[in-house]
Amino acid sequence: MEKRVTFSKWTIGILFAVPQLILIFTFFYWPAGQAVYWSLTLQQPWGGGNIWVGLDNFRSILSNADYWNSISASLVFAGISTGLAMFIALVLAALTDRQLAGSWLYRVVLIWPYGIAAPALALAFRFILAPEAGFMAVVNKVWPGVWDPGLDGADAMASIIVAFSWKYVGYNFIFFLAAFQAIPRSLIEAAAMDGSGVIRRFWDIQFPLITPTIFFLLVINITESFQDSFGIVDIMTAGGPANATNLMVYKIYSDGFKGLDYSGAAAQSIILMLLIIVLTIVQFRFIERRVHYR
Amino acid sequence: MTIIKRGAVALAAGALSSLLAMPAFAEPVKFDFWFGLSGDLARVVDTMCKNFNESQKDYEVVCTSQGNYDATLQNTIAAFRAGKQPTVVQVYDVGTATMMLSGAYKPADKLMEENGYKIDYADYFPGIARYYATSKGEMLSFPFNSSTALMYWNKDAFAKIGKTEAPKTWEDVGADLKAMKDAGYECPMAINISANESWQLMEQFSALHNQPIATKNNGYDGLDARLEVNKTKFVQYVTDLKKWYDAGLIKIKSKDLGQDMVQAFATGTCQVILTSVGDHGTVGRTQKEGMNWDVAELPVYAGTERKNSLVGGASLWVLSGKSDAEYKGAAAFLNFIHDPKTALFWSSNTGYIPVTKSGFDFMKSSGFYDKAPYKGREVAIASLTASEPTEITRGIRLGNFTQIRAEFGTQMQAIFANKVSVQEGLDTLVKNGDAILDRFQQTYPGKTLP
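Residues numbered from 1 in each chain as written. Chains lettered and ligands numbered in written order. Predicted model: local features only at pLDDT ≥ 70, side-chain atom pairs only at ≥ 80, totals over all residues.

## Observations regarding the overall build of chain B
Right, on to step 1. From N to C terminus, chain B includes 19 helices and 11 strands.
Right, on to step 2. For chain B, whose C-alpha radius of gyration is 25 Å, the value lies close to the compact-globule estimate of 22 Å for 450 residues.
Right, on to step 3. The principal-axis extents of the C-alpha atoms in chain B amount to approximately 100 × 55 × 40 Å.
Right, on to step 4. Partitioning the intrachain contacts of chain B with sequence separation of at least 6 by distance along the chain shows that 76% fall at a separation of at least 24. (Helix = DSSP H or I, 4+ residues; strand = E, 2+ residues; numbered from the N terminus. Rg over C-alpha atoms; globule rule 2.2 N^0.38 Å. Contact = placed C-beta atoms within 7 Å.)

## Overview of the sheet that holds strand β6 (residues 149-154) of chain B
In a beta sheet, neighbouring strands pair by backbone hydrogen bonds and run either parallel or antiparallel.
All names here are of chain B.
Right, on to step 1. In spatial order, the strands read β8-β7-β9-β6-β10; together these five strands make up an open sheet with mixed pairing. One side of each edge strand has no neighbouring strand; the edge strands of this open sheet are β8 (250-252) and β10 (293-296). Averaged over all pairs of adjacent strands, the angle between their axes in this sheet comes to 30°, without regard to strand direction.
Right, on to step 2. With three bridges joining them, strand β7 (residues 187-191) and β8 adopt parallel strand pairing. Residue methionine 189 lies in a different strand from β8, and its bridge partner there is isoleucine 250. (Pairing = 2+ DSSP bridges. Axes fitted to C-alpha atoms, helices over the stretch in contact; angles between N-to-C directions.)

## Here's the deal with the interface of chain A and chain B
Right, on to step 1. Counting residues at the interface gives 29 residues for chain A, matched by 32 residues for chain B.
Right, on to step 2. Its residues assigned to classes, the side of chain A that touches chain B comprises 14 nonpolar, 10 polar and five charged. (Nonpolar A, V, L, I, M, F, W, Y, C, P; charged D, E, K, R; others polar.)

## Observations concerning the domain arrangement of chain B
Residue and element names in this part refer to chain B.
Right, on to step 1. In terms of domain boundaries, chain B breaks down into domain 1 (29-147 + 311-365) and domain 2 (149-309 + 399-443).
Right, on to step 2. Placing a centre on the C-alpha atoms of domain 1 and another on those of domain 2 gives a separation of 29 Å.
Right, on to step 3. Listed as interface residues are 11 residues of domain 1 and, on the opposing side, 14 residues of domain 2.
Right, on to step 4. Looking at the side of domain 1 that touches domain 2 residue by residue, the classes come out as four nonpolar, seven polar and no charged. (Domains from an automatic or database assignment.)

## Concerning the packing of helix α5 (residues 118-128) of chain A against helix α7 (residues 153-182) of chain A
Residues and elements named next belong to chain A.
Right, on to step 1. Packing of α5 against α7 leaves a shortest axis separation of 10 Å and a crossing angle of 130°. As the angle between them shows, α5 and α7 are arranged oblique. Classified by chirality, the crossing of α7 by α5 is right-handed. Along its contact with α5, which presents Ala118, Leu121, Ala122 and Phe125, the element α7 presents Ser159, Val162, Ala163 and Lys167. (Parallel < 35°, antiparallel > 145°, perpendicular 65-115°, else oblique. Left-handed = near helix turned anticlockwise from the far one by under 90°.)

## A word on the pairing of strand β2 (residues 59-65) of chain B
Residue and element names in this part refer to chain B.
Right, on to step 1. Residues of β2 alternate between two faces, with Tyr59, Val61, Cys63 and Ser65 buried on one and Glu60, Val62 and Thr64 left unburied on the opposite face.
Right, on to step 2. In terms of strand pairing, strand β1 (residues 29-35) meets β2 through seven bridges, oriented parallel. Bridge pairing in β2 places phenylalanine 31 opposite valine 61.
Right, on to step 3. What joins β1 to β2 is helix α2 (residues 40-55), and the crossover it makes is right-handed. (Buried ≥ 20, exposed ≤ 12 C-beta atoms within 10 Å, placed from the backbone. Right-handed = clockwise from strand over helix to strand, strands pointing away.)

## Topic: the pairing of strand β5 (residues 142-147) of chain B
On any regular strand, side chains alternate: one points to one face of the sheet, the next to the other face.
Residue and element names in this part refer to chain B.
Right, on to step 1. Burial analysis of β5 places six of its six residues in the buried class, the great majority of the element.
Right, on to step 2. Relative to strand β11 (residues 312-319), β5 runs antiparallel, the two sharing four bridges. Each bridged residue has a counterpart across the sheet, and for phenylalanine 142 the counterpart in β11 is leucine 316.

## With respect to the environment of glycine 115 of chain A
Right, on to step 1. You can see glycine 115 of chain A is positioned in the loop between α4 (103-109) and α5.
Right, on to step 2. Linking glycine 115 of chain A and tyrosine 168 of chain A, residues 53 residues apart in sequence, is a C-alpha distance of 9.9 Å.

## Re helix α12 (residues 248-258) of chain A
Right, on to step 1. Of all the 11 residues making up α12 of chain A, eight are buried; the element is thus mostly covered by neighbouring parts of the structure.
Right, on to step 2. Residues of α12 of chain A that are buried include every one of Met248, Val249, Tyr250, Lys251, Ile252, Ser254, Asp255 and Gly256 of chain A, and no others.
Right, on to step 3. Looking at the buried positions of α12 of chain A, the neighbouring elements they touch are α3 (65-97), α10 (211-227), α11 (230-236) and α13 (262-287) of chain A together with α18 (401-416) of chain B.
Right, on to step 4. Where α12 of chain A terminates, the next one or two residues include leucine 260 of chain A, which has phi positive at roughly 55°.

## Focus: the environment of proline 149 of chain A
Right, on to step 1. Note that proline 149 of chain A resides in the loop between α6 (136-142) and α7.
Right, on to step 2. Setting aside residues up to four positions removed in sequence, proline 149 of chain A forms contacts with Leu129, Pro131, Asp155, Ala156, Ser159 and Thr237 of chain A together with Asp256 of chain B.

## A look at the nonpolar core
Across soluble globular proteins, nonpolar side chains show a tendency to be buried alongside one another.
Right, on to step 1. Among the nonpolar cores identified, the biggest contains 193 residues, and Ile160 of chain A together with Tyr152 and Phe265 of chain B are the most heavily contacted of them.
Right, on to step 2. The leading source of residues in this core is α7 of chain A, at 15 residues.
Right, on to step 3. For this core, the domains that each give at least three residues are domain 1 (29-147 + 311-365) and domain 2 (149-309 + 399-443) of chain B.
Right, on to step 4. For tyrosine 152 of chain B, the residues in contact, after removing those within four places along its chain, are Phe265, Val272, Ile273, Thr275, Val283, Trp293 and Val295 of chain B. (Core = buried A, V, L, I, M, F, W, Y, C linked by C-beta atoms within 7 Å.)

This is how it looks when you write it as structure tokens:
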């Protein structure tokens, strides 16, 4: 005789799950499925009809040099901005955790950038980094022409990386600080009594203990840098100059919505989805091995 | 018996209801108008809508700004696919080919005819009408806000180098820019090289010189048209612009860099710009105190027989799938906009030009062009009507032209950053542009432009 309370009918379980399943289906599987279908057809924008073209959309995208340029620009952007945002946030969090003077202020203030919408902060950075009117105008006074995001692709890329990193420093900071504060004080005090300095304690005790957080933020930052960069690129560079900042997500937007090439944009978003999946698998497969969960 | 009885009751009810309705006004038929202008211009459109609603009692237009042209087209497509499209929508010039193939519109000329309005289509300036008409000359949409590109020149700066007239040829422009540079002007001329400037740098230039942008008469004669700007006079033009840029005679000004070219001109920083007549009002309002400036037709190369410039702006499309009552309202609205008095209101509150000869004559006779701040805007009409439109200067009818403009910006940036030579850049523009046209043609198998 069964002693535990059980639900004999598995349908009850399904019923409980139904609201959630409907949500996931409506907002994820259905649009994703639609995107797959669109990527295999040529859609007339006004809905006048479509023709089945198989993998032609993928073939034409993958044989396009501009698209490969867009992929490499996205990878450069993801790599540098993730590195920058995480490194700065880590340093700031470590310092705040040491209860230096004014750390209570940083704890509050550093979170703010994450609350600013991407287009708004992009607009702010456009002013700050404008070569003729902004802060960078001073630099250009000293070395004429050194900063020119209007024509120099590297400068434009640097601009959007700075803007994106600035936003995510705040986000990363919260997680790092929480991770640092979860480390038992006794561990650090014990190490301090054994005579190890700040740097030593950081590398040998704190850093290994926050690796789960670092790993989590790595995955999130890379994923977000592929997706959340849109507003910044749109306002600051619009993909230019000469496609230097035409990141994958921006290219999807401009091809799909401005160019009304819904099928090509759908195919690109499938490729972007696959790329993010692969990157995440790689991270879990290889980097997670070095993570110590407590 | 019962039938008669019922009939009598119905009659009585009918009579009663019509009696009741007599003193009160019938509820006006509402219909939607979506447009792509924002800021000051949106307020002018709103006022125009209000004027229309107050001018009669049968219809009420609800005017909604969608922010910009791109968004208007995108939102209209989304709305159309969901069956919630507006009755009238403003679509920009380069969206014309896409609209014509959409099968989502009601031809404007048919609409007016069905509702008993007589529009004299010959009254439209041919340069404007043919941009939006089919290859056979039918008007599928109504020209609305229209402009063309002009050269804005700073009279004070030109006086310093002993000139009282604007240069008429590009050869003269080159010499004048050099002279201004030597006279100490930091920025003799400002341009920008993004997708937006395809209009004045590539499209207007090609029309004035009667040079094709694409085969098949710029696409009017078929979806298999392909670009050919890499072997026209345009190559020489880009080469010269690049040469002047390298010599410091031309500076690039854009909003991203801190100051766009209209601001650069109005503040007196730069002495020559090429932009829409639509900016005439902005320059007048924001100019440096006491600065003397004027507008002139865009220059051409020496020895060129000047042709008409192209119209820019947008036209009004009536979408399919609406009720007869809404179409009646739309027709009344279009007729209202067509009226010369509306043209005067519209042009004096914006920088746009009148689209009909009668509108232009009405404005001229009311003294609109005689004094500042509107003096000079008649140059735009002169530029648009410089010649009878040729097969090539009718306009541009290419699919997904927005993307081709984006490609123009990309390649110009590559050229000006010394990444590629002028010829290489323009070859790539043609190659990538053709891929876009190819794709557009594939999307509409078996369809032809009307």
